Amino acid sequence: WRGREGAPYSTLVPSDEVTINYRHGLPVITLTLPTRGERCQFTVKPVVTTVGAFLQDVQREDKGIERAEVFTTDGTKVSDGTLMEILLMNDFKLVINNTAYSVSPPVTDKLSSEHATEVEDIKSLVHRLFVALHLEDHQIRKERELLQKVDHLKGELLPLEQMKARIMDSADAKTSRLLWVGLALMSTQGGALAWLTWWVYSWDIMEPVTYFITYGSAMAFYAYFVLTKQDYIYPQAKDRQFLHYFHRKSKKQRFNVERYNKLKDDLAEAEESLRRLRQPLHLRLPIQEINDKD
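Cut-offs and rules
- Residues numbered from 1 in each chain as written.
- Predicted model: local features only at pLDDT ≥ 70, side-chain atom pairs only at ≥ 80, totals over all residues.
- Heavy atoms only, no water.
- Helix = DSSP H or I, 4+ residues; strand = E, 2+ residues; numbered from the N terminus.
- Buried < 20%, exposed > 50% of the residue type's maximum accessible area, 1.4 Å probe, protein only.
- Phe/Tyr/Trp six-rings, centres within 6.5 Å; stacked < 30°, edge-to-face > 60°.

(A) Just unusual backbone geometry, in detail. At Asn 97, a position not held by glycine, the phi torsion is positive, near 55 degrees. Along the chain, the position of Asn 97 falls in the loop between strand E6 (92-96) and strand E7 (99-103). One non-glycine residue, Arg 254, lies in positive phi territory at about 60 degrees. Tracing the chain through its elements places Arg 254 in the loop between helix H5 (234-253) and helix H6 (257-283). For Arg 254, a relative accessible area of 78% corresponds to the exposed category.

Laid out in structure tokens, this is it:
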């Protein structure tokens, strides 16, 4: 059998030189340290210990070991990141310096399905007991954190809310003035047309004028649709003008709309989490059951 570089190892030791036994559910690897000539046991945790960590433990125990590697039976090197649980599933070769040890892990008996089910039931019971004993303390601690977060968000929102109220009052006043100006212009236009029709000219002269005024109004409404992609509906037009005044005023007063919206969303999320958390505190029910009821 040849190593990674293709050179034969000086010694190939039988499998009984390195033994693996299970003690308290953990594999114990026993081997002879080459420099000290002593038998040494290494207990590994298969699900967390890697091949590299095991080899480091061996080299740390015997400073005379210059080389320690693990190969499969066909000569392929096993990476240091491989878990020992994977390595112990098949036979392998442990190379220390120039000596190769043939290792045959024992076949472990698999748990029966009934025993495995009992173990899972015990784990589930322990988990439920832990939740029952510690859930209320966790919820109270979480409630305190959420209350602190809500108070902090409200403190940041207070000056922004005051600024927003002033800006909204100003925008609403400008929008109302614009509506009244529009009404005044329409009234003036109607009065002028009536005066020209009955006192200055006749209907025969004013009829084409009113036609073109009506057609011009239709063109204005169509232009509004082209620019805004919305029909000219009075409530929507009023809201659009209000938002125009609001954002223009916000820009002048340096009111950060995006930050305000972000704080409002965070506050709503924190208050909703607090509401859901307080329901199981009062009813002594887990949060999952509250969500199912919703």
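After presenting the structure, the write-up continues.
(B) Structural context of the packing of aromatic side chains. As enumerated under the stated definition, the model contains 4 aromatic pairs in all. Arranged with centres 5.3 Å apart and planes meeting at 75 degrees, the rings of Tyr 211 and Phe 212 form a pair that is edge-to-face. Here Tyr 211 and Phe 212 have matching classes, each one exposed. Judged by centre distance (6.5 Å) and plane angle (35 degrees), the rings of Tyr 222 and Phe 225 are tilted.

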